[in-house]
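# Examination of the molecular architecture
Spelled out from the first residue to the last, the chains are:
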Amino acid sequence: MRSIEWKDGRVRMIDQRRLPHEYVMVEFDDYRGVAQAIQEMYIRGAPAIGAAAGYGLALAAARSGAKTREALLSDLEEAAETLRRTRPTASNLFWALERMLRKARDEGLEDVGQIQEALVAEAVAIAFEDVEINKRMGEHGAGLISDGDKILTHCNAGALATVDYGTALAPIRVAHTQGKRIHVYVDETRPRLQGARLTAWELMREGIPLTLIADNAAGYFIQAGKVDIILVGADRMAANGDVANKIGTYQLAVIAKENGVPFYAVVPTPTIDLSLPSGAQIPIEERDASEVTHIGGQRIAPQGVPVANPAFDITPYRYLTAIITEHGVIHPPLEEGLRKAVQASRMVGGAS
Ligand code: MRU
């Protein structure tokens, strides 16, 4: 299942807002539509957002009426700025846009047509590489999962959150394929219920045994010894290993440490932002109050109630048992391992 693809000069993606009730593909031929789809969460999950931004910029290039290289680059800067303003926390968004702009500025590309073609190819490459990275993280992470393990996960870090295969769900998929008898506890993940709507749907399609639980129940299951390992994704990881992920991740990590349960973040290198020394510098997205006051379009809170709705929180590095990347499992001290992983990606032409 591909969450997003380039088809006949257009961008096609699953409208994730409608899952699990309806599986609907939507198409865009304007980058502004893609930007809106990211903001409104038709597509979400840091790697999928990065892929969408890449395709958005490819669309901007393909549809630009620019006649000169300079005019096209100016159109692309403008489109990139619109895409940048969609979701501030996901590192992959900024990473993908930088990579696309770098390609556009490539001195070897002489005319408008060459740049347009190169940008489509680059966006397709970003999407293709994402799937390869996820499969590699799946292989590395599956080594940490034992036969009979009960695994807890938060939000949706599956195929839908990436181009395919997933980050935190990748080791789970591989362990299941290896014949390990695993069981996954899925946090519902208020306010937008990505766990209940998306992760539950994905795991059921794969035939992976699961139990959906209310967010508030996670501590109960961990304390009762019913969770052997916790796997989560990441929206942005700072140079010291502090990690921004879906709101609620931090409290899970603290409860895990208190109960001696290993806690892993599954983090592809485009999600690592070495320019930020710690999580304190990661911007946290604040989303609309209606996500908290309503469930499934139905108001559940009194009219006019004051609301705060941060979409992510920061888990300090000391709560992480290790970090699973496409280059292997990084154990503390994390800082050096993260730098080496990003360096290894640069050598193969990927991460900036
Ligand atoms: O708000 P979302 O649904 O985009 O948040 C998604 C998450 O927090 C995921 O855990 C993260 O992006 C990693 S997914 C591969």
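A quick note: this is a predicted structure, and the numbers were derived from the prediction, not measured. (Residues numbered from 1 in each chain as written. Predicted model: local features only at pLDDT ≥ 70, side-chain atom pairs only at ≥ 80, totals over all residues. Heavy atoms only, no water.)

### Some points on the nonpolar core
I4, M13, F28, V34, L57 and L76 are the most contacted members of the largest nonpolar core, which has 50 residues in total. Core analysis: the next-biggest nonpolar cluster, separate from the first, contains 29 residues, I230, A256, V267 and L338 among them. (Core = buried A, V, L, I, M, F, W, Y, C linked by side-chain atoms within 4.5 Å. Buried < 20%, exposed > 50% of the residue type's maximum accessible area, 1.4 Å probe, protein only.)

### Thoughts on the confidence of the model for the protein chain
Summarising the model, the protein chain shows a mean pLDDT of 97, and 99% of its residues fall at 70 or more. Put simply, helix α11 (residues 334-347) is where the protein chain has its lowest mean pLDDT, 96, and strand β7 (residues 229-232) is where it has its highest, 99. (pLDDT = per-residue confidence, 0-100. Helix = DSSP H or I, 4+ residues; strand = E, 2+ residues; numbered from the N terminus.)

### Here we look at the pattern of salt bridges
In the structure shown here, the tally under the stated rule is 25 salt bridges. The salt bridge partner of D15 is R18, with a shortest N-O separation of 3.8 Å. For R18, a relative accessible area of 32% translates into the label partly exposed. Measuring nitrogen to oxygen at the nearest pair gives 2.8 Å for the salt bridge that ties E129 to R99. Within this pair, whereas E129 is found in helix α5 (residues 112-142), its partner R99 is found in helix α4 (residues 91-104), the two being separated by 30 residues in sequence. R99 gets classed as buried once you look at its relative accessible area, which sits at 4%. Connected through salt bridges with shared partners, the residues E5, R10, R12, E27 and D29 form a single ionic network. (Salt bridge = Lys/Arg side-chain N within 4 Å of Asp/Glu carboxyl O.)

### Section: the layout of surface pockets
In this structure, the largest pocket occupies an estimated 350 Å³ of space. Along the wall of the largest pocket there are 14 residues; nearest its centre are P191, R192, H294, G296 and G297. If you list the elements that add at least two residues to the lining of the largest pocket, you get α10 (290-293) and β12 (294-295). Of the residues belonging to the lining of the largest pocket, the class tally is three nonpolar, four polar and seven charged. (1 Å grid on protein atoms, 1.4 Å probe; cavity = no way out; pocket = protein on both sides within 12 Å on 5 of 7 lines; lining within 4 Å. Points joined across faces, edges and corners; volume = space filled by probe spheres on them. Nonpolar A, V, L, I, M, F, W, Y, C, P; charged D, E, K, R; others polar.)

### Quick notes on empty space enclosed by the protein
Per the stated rule, a full pass over the model turns up three cavities of 30 Å³ or more. Each pocket or cavity is described by its volume, and for the largest cavity that value is around 180 Å³. Around the largest cavity sit 20 residues that line it, and R44, G45, A46, N156 and D235 are the ones nearest its centre. Only α2 (46-63) and β9 (243-246) provide two or more residues apiece to the lining of the largest cavity. The element that contributes the greatest number of residues to the lining of the largest cavity is α2, accounting for three residues. Of the residues that constitute the lining of the largest cavity, the class distribution is nine nonpolar, seven polar and four charged. In this model, the second largest cavity occupies a volume close to 80 Å³. Together, P47, G50, A51, N92, W95, I126, E129, D130, I133, P268 and P270 line the second largest cavity. Only α2, α4 and α5 provide two or more residues apiece to the lining of the second largest cavity. Examining the composition of the lining of the second largest cavity, we find that four residues originate from one element, α5, more than from any other. Residue composition of the lining of the second largest cavity, by class: seven nonpolar, two polar and two charged.

### Brief notes about the sheet that holds strand β11 (residues 272-273)
Taken together, the four strands give an open sheet; going across it, the order is β11-β8-β9-β14, and neighbouring strands pair in mixed fashion. Whereas interior strands pair on both sides, the edge strands pair on one side only; in this sheet they are β11 and β14 (312-315). Where strand β8 (residues 236-238) meets β11, two bridges bridge the pair, whose relative direction is parallel. Bridged to A238 within β11 is D273. (Pairing = 2+ DSSP bridges.)

### Structural notes on the site of the ligand
In the vicinity of the ligand lie 19 residues, with R87, Q194, D235, N245 and K246 positioned nearest. Contact between the ligand and R44: an oxygen atom at 2.9 Å from a side-chain N or O atom of the residue. Between the ligand and the protein, one listed contact pairs an oxygen atom with a side-chain N or O atom of N245 at 2.6 Å. Contact with the protein chains removes 100% of the 410 Å² of surface that the ligand exposes when unbound. When atom positions are compared with the pocket grids, the ligand is found to occupy the largest cavity. Elements represented by at least two residues in the shell around the ligand include exactly α2 and β9. Residues of the shell around the ligand, tallied by class, amount to eight nonpolar, seven polar and four charged. (Near = heavy atom within 4 Å. Polar contact = N/O pair within 3.5 Å; in protein donor to acceptor, adjacent residues only side chain to side chain. Areas by Shrake-Rupley, 256 points an atom, 1.4 Å probe, with all protein chains shown as cover. Sits in = over half its atoms within 2 Å of the grid points.)

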